[in-house]
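Observations on the three-dimensional arrangement
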Amino acid sequence: MSAPIGNTGRNRAFGLIERRIATRYLRAKKSQGGVGLIAAISFFCILLAIAAMIIIMSIMNGFRDEVIRLTIGSEGHMYVDLAEPNVTAEDMAALEQRLAAIDGVNEAFQFTQDFTGVQANGQFSLGQVIGVRPDRLRGFEIISSNLTQGSLEFFGEGAGSSHQIAIGSGVARNLGLSVGDKITVYSPRTRTTVTGPQPIRKNYTVGAIFSVGIITTDLSYIYMDFDQATALFEGGKLTGQIQLRLEAPDQVDQLEDAVYEAIQAPGFVSNWRARNASTATALRTEQIAMRFIFMIVVIIAAFPVLASMIMLVKNKSKDIAILRTIGVTQGGILRIFLMSGAMIGILGTLGGLIIGILFCVNIGGIQALIEAITGQPLFPEDVYQLSGGIPVKIVWAEVFGVAFWGFMISAAATFVPALSASRIDPVDALRYE
């Protein structure tokens, strides 16, 4: 007597026979209930859902990076403020080197930041004077690449009132300034004269005007040479402030302990999230909300898979009964229908991955095509401050997470019909055939 199908070597769990039967069931003809058509629709639903998730999440990540770049591009990612009131230039130089040596830190440098009054052409305004060394300011891409007048070539040079500084376009507009004009910067320090205490002030020459598209930066930022700022606001005394710029702004939490360890002295550490709490919270909330929405989209896309499997089980009741009578176990039936649904999920997920990644990689060409068809810019640079087109950042951990989620949802949608098929009684199924 021949061995039952359920016990042959060729029909091990998920073996050749089970795979062939599962594949054959997915190709059911229209006369058998249209299962094949519904399976194809299910495949495209999963494919489109996965592709949409990857595309939109990648664009969101790109926009998030651009928002962070614009928001903190003229600022730092982390800040160190020493509690020691009397620090030396040697101590600060050594601290700069220790902080710059931390993995994930691009650069660390001293700076000053003071809110004060400025005056020109009979107009008075408030400004935020930031003291940095000339080479550092030239390295701030968001400033150096957005100059509207002048240049940073001679920033920090000159003597007396000829000393050059850089100001935001809003400051220049409010005070009626252009390159070459003089501006008076007030210090909170005072000096005693025969008429009483007088605020210390100094005239400077506008050497460059920048416009980065950030209201706060353009309306109030004034960049001054570090030594000049220290002399004007602190009387030459170092403030013990260091700014850190990281390879990835989101690493601020991971690097905090390493920064504290490198300080080797009492001090305080803050980061861009604390200084821009509203922006950081909005970005995080948007990420969570969009991920939740697209999880729901994938769940909805799995319903056609569930419908096709229910129809498949209903149409194959007789086949299931015959398989059971020739030796296929309940586990074998369960695996056959699980594989049928899993094939839809796997193929749809793979297709969605390929389409989504290709779309993101070629986003520039796709944007150009859409703009050519519509005759309108898709993302105007003057509105979105995006000079490089639609920003895209593929985060591979998220891509694989999307793929795993898509497969798990389609597999879960398959399990209940497959379990129902495995419990069909062959006697009841064949009684009325």
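Refer to the structure above for everything that follows.
Predicted model only: the values in this text are computed from it and were never measured. Going along each chain's sequence as written, the residues are numbered from 1 onward. The predicted nature of this model means local features are confined to residues of pLDDT at least 70 and side-chain atom pairs, given and counted, to a pLDDT of 80 or more, with totals for whole chains, interfaces and linings taken over all residues. Each side-chain value is derived from all of the structure's non-hydrogen atoms; neither hydrogens nor water enter the calculation.

**Brief notes about the overall build of the protein**
- Along its length, the protein carries 18 helices and 11 strands.
- Residue burial is assigned from relative accessible area. The probe radius is 1.4 Å, only protein chains are included, and a residue is buried under 20% of its type maximum, exposed over 50%, and partly exposed in between. Counting only residues that meet the buried cut, the protein has 44% of its 433 residues in that class.
- A fraction of 77% describes how many contacts in the protein between residues 6 or more apart in sequence connect residues 24 or more apart.
- Accessible surface, the protein: about 21,900 Å² in total, of which carbon and sulfur atoms supply 59%. Note on conventions: DSSP H or I runs of at least 4 residues are helices, E runs of at least 2 residues are strands, and numbering of each starts at the N terminus. Here a residue-residue contact requires only that any non-hydrogen atoms of the pair lie within 4.5 Å. Using a 1.4 Å probe, the Shrake-Rupley method yields the accessible areas, and only the shown protein chains count as cover for residues.

**Here's the deal with helix α3 (residues 89-100)**
- Helix span, expected: 1.5 Å multiplied by one less than the number of residues in the helix. For α3, with 12 residues, the first-to-last C-alpha span of 16 Å sits near the 16 Å given by 1.5 Å per residue.
- Those residues of α3 that sit buried are M92, L95, E96 and L99. Each buried residue of α3 sits inside an arc of 105° when the element is viewed along its axis, so together they form one side. The exposed residues of α3 that point more than 90 degrees off its buried face are E90 and Q97.
- Next to the buried residues of α3 lie β1 (78-82), β2 (105-110), β10 (241-246) and α9 (252-263). What the arc measures is the spread of directions leading from the helix axis to the C-beta atoms.

**Here's the deal with the sheet that holds β2**
- Pairing is antiparallel across the open sheet formed by four strands, whose spatial order is β2-β10-β1-β11. Because the sheet does not close on itself, it has two edges, and the strands there are β2 and β11 (267-271). On average, each strand axis in the sheet is tilted by 20° relative to the strand beside it, whichever way the strands run.
- Inspection of the sheet shows β1 paired to β11 by five bridges, in the antiparallel sense. Across the sheet, the residue bridging to V80 is V269, located in β11.
- Whenever a helix is involved, its axis is fitted only over the stretch in contact; in every case the axis is a line through C-alpha atoms, and angles between N-to-C directions fall within 0 to 180 degrees. In this fold α3 packs onto β1, β2 and β10, with an angle of close to 165° to the strand it touches most, β2.
- Each of β1, β2, β10 and β11 touches α9; the most contacted strand, β11, lies at about 160° to it. Pairs of strands are assigned from DSSP output, requiring at least two bridges between the strands.

**Description of the environment of I299**
- Tracing the chain through its elements places I299 in helix α11 (residues 277-301).
- With 113 residues separating them along the chain, I299 and A412 place their C-alpha atoms 9.9 Å apart.
- Apart from the residues within four sequence positions on either side, I299 is in contact with W405 and I409.

**Digging into unusual backbone geometry**
- Positive phi values are uncommon outside glycine, yet N121 reaches one of about 55°.
- Residue position: N121 is located in the loop between β3 (112-120) and β4 (123-132).
- Among the residues examined, N121 registers a relative accessible area of 56% and is labelled exposed.
- Positive phi values are uncommon outside glycine, yet Q264 reaches one of about 55°.
- With respect to the element layout, Q264 can be found in the loop between α9 and β11.
- Look at Q264 and you get exposed, because its relative accessible area is 60%.

**Considerations on the nonpolar core**
- I54, I320, I333 and F337 are the most contacted members of the largest nonpolar core, which totals 40 residues.
- Mapped onto this core, the elements with two or more residues apiece are α1 (16-26), α2 (35-72), α11, α12 (303-315), α13 (317-325), α14 (330-361) and α17 (396-422).
- Residue contributions to this core peak at nine residues, all from α2.
- Beyond its immediate chain neighbours, meaning those up to four positions away, I54 contacts G352, L353, G356, I357, C360, V399 and V402.
- Among the buried residues, those of types Ala, Val, Leu, Ile, Met, Phe, Trp, Tyr and Cys that are joined through side-chain atoms within 4.5 Å form a nonpolar core. M92, V105, A108 and I263 belong to the second largest nonpolar core, which has 25 residues in total.

**Focus on the packing of aromatic side chains**
- Stacked, edge-to-face and tilted labels apply to pairs of Phe, Tyr and Trp rings (six-membered ring for Trp) whose centres lie within 6.5 Å, assigned for plane angles under 30 degrees, over 60, and everything in between, in that order. Evaluation of the coordinates by the stated rule reveals eight aromatic pairs.
- An aromatic cluster is defined as three or more aromatic residues linked by ring pairs; in this entry it consists of F109, F140, F210, Y221 and Y223.
- For a lysine, the NZ atom is tested; for an arginine, the CZ atom; a charge sits over a ring if that atom is within 6 Å of the ring centre and within 35 degrees of the ring normal. When the ring centre of Y204 is taken as reference, the NZ or CZ atom of K202 above it lies at 4.2 Å.

**A word on a nonpolar patch on the surface**
- Residues enter patches when they are more than 30% accessible in relative terms and free of salt bridges; like-charged ones are connected within 9 Å and nonpolar ones (Val, Leu, Ile, Met, Phe, Trp, Tyr) within 5 Å. Counted as salt bridges are all cases of a side-chain nitrogen of Lys or Arg within 4 Å of a carboxyl oxygen of Asp or Glu. A cluster of nonpolar residues, F292, I293, I296, I299, I300 and F303, forms a patch on the protein surface that exposes about 570 Å² of accessible area.
- In terms of residue count, α11 provides more of the nonpolar patch than any other element does, five residues in total.
- Along the chain, F303 falls in helix α12.

**Quick notes on the side chain of T230**
- Relative to the helices and strands, T230 is located in helix α8 (residues 226-234).
- Within the structure, the side chain of T230 is placed 2.9 Å from the backbone oxygen of F226, a separation counted as a polar contact.
- Each residue touching T230, except ones within four places of it in the same chain, is listed here: T112, G235, G236, K237 and L238. Counted as a polar contact is a pair of N or O atoms within 3.5 Å, where, for protein atoms, one must be capable of donating a hydrogen and the other of accepting one, and residues adjacent in sequence contribute only when both atoms are in side chains.

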